[in-house]
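Structural features, examined
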Number of protein chains: 2
Amino acid sequence: MSSQSVYDIGAVYPWCMPKLWDETMEAHRRAVQDAVLETAVALVTEHGLASVTMSQIAKEAGIGRATLYKYFPDVQSVLIAWHDRHVAAHLERLAQARDHADGPSQRLEAVLLGYAHITHKRPQGGEIAAFVHRDRHVVQAQQQLHDLVREVVAEAAAVGAVREDVSPEELADYCLHALSAAGGLRSEEAVHRLVAVTLSGLRPAR
Amino acid sequence: MSSQSVYDIGAVYPWCMPKLWDETMEAHRRAVQDAVLETAVALVTEHGLASVTMSQIAKEAGIGRATLYKYFPDVQSVLIAWHDRHVAAHLERLAQARDHADGPSQRLEAVLLGYAHITHKRPQGGEIAAFVHRDRHVVQAQQQLHDLVREVVAEAAAVGAVREDVSPEELADYCLHALSAAGGLRSEEAVHRLVAVTLSGLRPAR
């Protein structure tokens, strides 16, 4: 009779639910990572980047230090992973908003409104933002965001709905900066007004 | 005969050029402070806020630690003083731009162009900016900047040159955020285009 643990179900009966088992493990890993990311961000927001250690993160997240180091080499990489995950979710959301709208003007408006909402709800984590924005991955993600906006601007310019005296590249830059004002706004109505004003700036010159 | 040093000229001959002497001392203090501020910012930009000490700043600025502590209690207050001085100079410059322009529309344009130029030339000191922006003095200075822009927007709205469906308060916020895109622009021409686009956003809705 085998001394193998009953918990090694995939090893004893390899044909038995391997996919489900993998999914369970993957969900577990994901849950641990989520806990680590949110804990790290909360600690850094409260105490500042310089004073947070890996040991604190492990303790607050309720896992061992060794487990934490299996996922991340240092505090910085935890913050970057957190930011990466958020940006990926935002890009996905903006792409969906774009794909659900009908026509170039509508796509432009949907993307700008989507971005303003994301900015409106995002915590204004000054120190974390300043730190992660130096990272190469984050610069790439920002570039993807910029590309997405530039494309809808160019598409709207091609049908005469956006001015052509300024490049879609520069107009995308203008949009992203102008809409970052949403972070300080108090109401949904104010966010809509900001989007309307920003869109007016894009209209063909009279 | 007095043993007083000939350098204590103000004490020996109090009627002798006291103003000039004060000015010389003031200029000296100012020069020392300038050296300290620029040194601190250069060190923090290169090595990060967490790793810069008062001793390093004193050494690099070429003064004694005791002298440095006469001016500033810690690294943070050096950075805040540096930022305060820059913001005061910027506000002064914007007020001058406003006062040299003739008429509400021209004043608005002059202030927005002035702000875009300041942003264009400012070093993008992410960590320092994130740090100082939490300080109360800096928040006040930002508020003064915001007030200055809000006033020229309101004045232009009163003569019909700016939309009235959005408050001057929110429009000033929009302007300052949109124009912060100037920091990433490569040419003066691009800065002018950004100001033109931002101004279009302010125009009364068609």
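If you're wondering where the values come from, they're calculated on a predicted model, not measured in any experiment.

1. Section: the interface of chain B and chain A
Taken together, the 28 residues of chain B in the interface contact 28 residues of chain A. Approximately 2,200 Å² of surface area, both sides summed, lies buried where chain B meets chain A, with 60% of it carried by carbon and sulfur atoms. Between the two partners, chain B and chain A, sit two salt bridges. A salt bridge links E170(A) to R193(B), with the nearest nitrogen and oxygen atoms 2.8 Å apart. Our count for the contact surface shared by chain B and chain A stands at five residue pairs in polar contact (both at pLDDT 80 or more). Mapped onto the side of chain B that touches chain A, the elements with two or more residues apiece are helix 7 (126-132), helix 9 (168-179) and helix 10 (188-202) of chain B. In terms of residue count, helix 10 of chain B provides more of the side of chain B that touches chain A than any other element does, eight residues in total. Per-class residue counts for the side of chain B that touches chain A are 13 nonpolar, six polar and nine charged.

2. Let's talk about the UniProt feature "DNA-binding region" (unreviewed entry) in chain A
Those places that UniProt annotates as "DNA-binding region" (unreviewed entry) correspond, in this numbering, to residues 53-72 of chain A. Segment residues 53-72 of chain A splits into 75% helix and 0% strand. End C-alpha atoms: 12 Å apart.

3. A look at the confidence of the model for chain A
Chain-level pLDDT for chain A is 86 on average; 86% of the residues reach the 70-or-more range. Within the model, pLDDT remains below 50 along residues 1-6 of chain A, and this stretch shows three contacts once partners closer than five positions in the same chain are excluded.

4. Some thoughts on the pattern of salt bridges
Charged atoms that come close allow side chains of opposite charge to pair. Summed over all chains, the structure comprises 16 salt bridges over all chains. Put simply, D147(B) and R150(B) hold a salt bridge, and the shortest N to O gap is 3.1 Å. Of this pair, D147(B) and R150(B) both sit in helix 8 (residues 136-158), three residues apart, which is roughly one turn of the helix. A cluster of three or more residues bridged by salt bridges with shared partners is formed by D147(A), R150(A) and E169(A).

5. Looking at the relation of the copies chain B and chain A
Placing chain B over chain A gives an RMSD of 0.1 Å and needs a rotation angle of 180°, together with 0.0 Å of translation along the axis. Accordingly, the operation relating the two chain copies is best matched by a two-fold axis. Taken as a fraction of all interface residues of chain B, those also at the interface in chain A reach 100%, which identifies the copy contact as same-surface.

6. Section: helix 8 (residues 136-158) of chain A
Residue and element names in this part refer to chain A. End to end, helix 8 covers 32 Å across 23 residues, agreeing with the expected 33 Å (1.5 Å per residue, within 8%). Within the span of helix 8, buried status applies to V138, A141, L145, H146, L148, V149, V152, V153, A156 and A157. G160 sits one or two positions beyond helix 8 and adopts a positive phi of about 85°.

7. Details of the packing of helix 5 (residues 75-100) of chain A against helix 6 (residues 104-121) of chain A
Residues and elements named next belong to chain A. Running from amino to carboxyl end, helix 5 crosses helix 6 at an angle of 150°, the nearest separation of the two axes being 8 Å. Taken together, the axes of helix 5 and helix 6 lie roughly antiparallel to each other. Our pair here, helix 5 against helix 6, has a crossing hand that is right-handed. In contact with H90, R93, L94, A97 and R98 of helix 5, helix 6 contributes R107, A110, V111, G114, Y115, H117 and I118. Classifying every residue of the contact of helix 5 with helix 6 by side-chain character gives six nonpolar, three polar and three charged.

8. Digging into the packing of aromatic side chains
A complete count under the given rule lists three aromatic pairs over all chains for this structure. Ring geometry for Y71(A) versus F72(A): centroids 6.5 Å apart, planes at 40°, classification tilted. For Y71(A), a relative accessible area of 24% corresponds to the partly exposed category. Residue classification places F72(A) among the buried residues on the basis of a relative accessible area of 7%. Ring geometry for Y174(A) and Y174(B): centres 6.4 Å apart, planes at 90°, overall edge-to-face.

Calculation rules
Residues numbered from 1 in each chain as written. Chains lettered and ligands numbered in written order. Predicted model: local features only at pLDDT ≥ 70, side-chain atom pairs only at ≥ 80, totals over all residues. Heavy atoms only, no water. Contact = heavy atoms within 4.5 Å. Buried area = accessible area lost by both parts, 1.4 Å probe. Salt bridge = Lys/Arg side-chain N within 4 Å of Asp/Glu carboxyl O. Polar contact = N/O pair within 3.5 Å; in protein donor to acceptor, adjacent residues only side chain to side chain. Helix = DSSP H or I, 4+ residues; strand = E, 2+ residues; numbered from the N terminus. Nonpolar A, V, L, I, M, F, W, Y, C, P; charged D, E, K, R; others polar. UniProt positions renumbered as here; feature names shortened; annotations may be inferred. pLDDT = per-residue confidence, 0-100. Least-squares fit on C-alpha atoms with pLDDT ≥ 70 in both. Expected span 1.5 Å × (residues − 1). Buried < 20%, exposed > 50% of the residue type's maximum accessible area, 1.4 Å probe, protein only. Axes fitted to C-alpha atoms, helices over the stretch in contact; angles between N-to-C directions. Parallel < 35°, antiparallel > 145°, perpendicular 65-115°, else oblique. Left-handed = near helix turned anticlockwise from the far one by under 90°. Phe/Tyr/Trp six-rings, centres within 6.5 Å; stacked < 30°, edge-to-face > 60°.

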